[in-house]
Amino acid sequence: MDSREQVGPRVVWAVVESGIGPLLLAASRDGLVNVVFHATDAVRERAVERLASRLGSEPVEAPGSPLLAEAIRQVEAYLAGERRDFDLPLDWSLISGFNREVLRELASGVPYGTVVGYGDLAGRVGQPGAAQAVGMAMGSNPLPVVVPCHRVVESDGGIGGFGGGLETKRRLLALEGVLPEPLF
């Protein structure tokens, strides 16, 4: 057994029930590494397989893990309207290059209750013509909700796309006061 195995698994995960459906949260020793929407059995299985493939070790279901405890607490508080910002270590190992640069700018530069256009976000990272590439970066965001890709919208006022589904995006924007609460 190597020394890393003695201190526990490299990646742990748990499913958290929420008002936007079940979320899978996964963490490594470096921080929260993945958030997956609609974590039903089939989605969960694919997400765990993808994590194993990308990170080189089998993730372990461990809802009580200290690696996940604070992330779960903060995500639940955010979704309950009790928290506006996340203060978590993030493991960026699932994303690199331009996509990582855009997501880091999003995480640090687009606060709760505000939105930014795809083109505006591209300009913030020095690529003003890269609105479509920003859209691709949002679609590949391994840490939605915590890295708030739901805050990126179309410049003409459209809501844009969202990996968690447009209804989930609307609900997150309503939670932050950007859109009115759905009537039903």
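Structure's up top.
These numbers come from a predicted model, not from an experiment. Here the residue index of a chain counts from 1 through its sequence in written order. Thresholds applied to this predicted model are a pLDDT of at least 70 for local features of residues and 80 or more for the giving and counting of side-chain atom pairs; totals over whole chains, interfaces and linings are not thresholded and use all residues. Excluded from the side-chain calculations are hydrogens and water; all other atoms, namely the structure's heavy atoms, are used.

Peer 1: It is not clear to me how the packing of aromatic side chains should be interpreted in this structure. Could you clarify?
Peer 2: Describing an aromatic ring pair means giving the distance of the ring centres and the angle of the ring planes. Two rings from Phe, Tyr or Trp (for Trp, the six-membered ring) form a pair when their centres are within 6.5 Å of each other. A pair whose planes differ by under 30 degrees is stacked, one over 60 is edge-to-face, and the rest are tilted. Under the defined criterion, the tally for this structure stands at three aromatic pairs. Centroid distance tyrosine 78 to phenylalanine 86: 5.3 Å. Interplanar angle 45 degrees. Geometry classified as tilted. Each residue gets one of three labels from its accessible area relative to the maximum for its type: buried under 20%, exposed over 50%, partly exposed in between, using a 1.4 Å probe on protein chains only. With relative accessibility at 0%, the residue tyrosine 78 sits in the buried group. Look at tyrosine 78 and tyrosine 112: their rings are 6.2 Å apart centre to centre, the planes differ by 85 degrees, and that puts the pair in the edge-to-face class. In this pair, tyrosine 78 sits in helix H3 (residues 66–79) while tyrosine 112 sits in the loop between helix H4 (97–109) and strand E5 (116–117), placing the two residues 34 residues apart along the sequence. Its relative accessible area of 13% is what places tyrosine 112 among the buried residues. Through pairs of rings, three or more aromatic residues link up here, namely Tyr78, Phe86 and Tyr112. Where helices and strands are cited, they refer to DSSP runs of H or I of at least four residues and of E of at least two residues respectively, numbered from the N terminus.

Peer 1: Can you walk me through the environment of serine 65 in this structure?
Peer 2: For serine 65, the position within the fold is in the loop between strand E4 (60–61) and H3. Residues serine 65 and valine 12, 53 residues apart in the sequence, show an inter-C-alpha distance of 7.3 Å. Looking at serine 65, its side chain comes within polar contact range of the main-chain nitrogen of leucine 67, at 3.0 Å. Polar contacts, as used here, are pairs of N or O atoms within 3.5 Å; protein pairs need one atom able to donate a hydrogen and one able to accept it. Residues neighboring in sequence count only if both atoms are side-chain atoms.

Peer 1: What exactly am I supposed to notice about the nonpolar core here?
Peer 2: As a rule of thumb, nonpolar side chains are buried together in soluble globular proteins. Take the buried residues of types Ala, Val, Leu, Ile, Met, Phe, Trp, Tyr and Cys, join any two whose side-chain atoms come within 4.5 Å, and each joined set is a nonpolar core. The biggest cluster of nonpolar side chains holds 41 residues, and the ones touching the most others in it are Leu25, Leu32, Leu106, Leu121 and Met138. Mapped by element, the contributors of at least two residues to this core are strand E1 (11–16), strand E2 (23–28), strand E3 (31–36), H3, H4, helix H5 (118–124) and helix H6 (131–139). The element contributing the most residues to this core is H3, with five residues. Here leucine 25 is in contact with Val12, Trp13, Ala14, Val16, Leu32, Asn34, Val35, Leu68, Ala71, Ile72 and Val75, once residues within four sequence places are set aside. Residues Leu24, Val33, Ala39 and Ala47 belong to the second largest nonpolar core, which totals 12 residues. Any two residues whose heavy atoms approach within 4.5 Å at even a single point are treated as in contact.

Peer 1: Looking at this structure, I do not really get the pattern of salt bridges. What am I missing?
Peer 2: Two side chains carrying opposite charge are able to pair once their charged atoms lie near each other. When a carboxyl oxygen of Asp or Glu lies within 4 Å of a side-chain nitrogen of Lys or Arg, that pair is called a salt bridge. Applying the stated criterion across every chain, the model contains five salt bridges. With its nearest N and O atoms 2.5 Å apart, the salt bridge here joins glutamate 70 to arginine 73. Residue glutamate 70 and its partner arginine 73 are both found in helix H3; the two are separated by three residues, about one turn of the helix. The class of glutamate 70 is partly exposed, set by a relative accessible area of 32%.

Peer 1: Mind showing me how you'd approach helix H2 (residues 41–55) here?
Peer 2: Each residue after the first adds 1.5 Å to the expected span of a helix. Compared with the 21 Å implied by 1.5 Å per residue over 15 residues, the 21 Å span of H2 between its first and last C-alpha is a close match. Along H2, the residues that are buried comprise Ala47, Val48, Leu51, Ala52 and Leu55. Projected onto a plane normal to the axis of H2, the buried residues spread over an arc of 135 degrees and lie on a single side. Across from the buried face of H2, at angles greater than 90 degrees, the exposed residues are Glu49, Ser53 and Arg54. Arc, as used here, means the arc of the directions from the helix axis to the C-beta atoms.

By themselves these figures say nothing about function.
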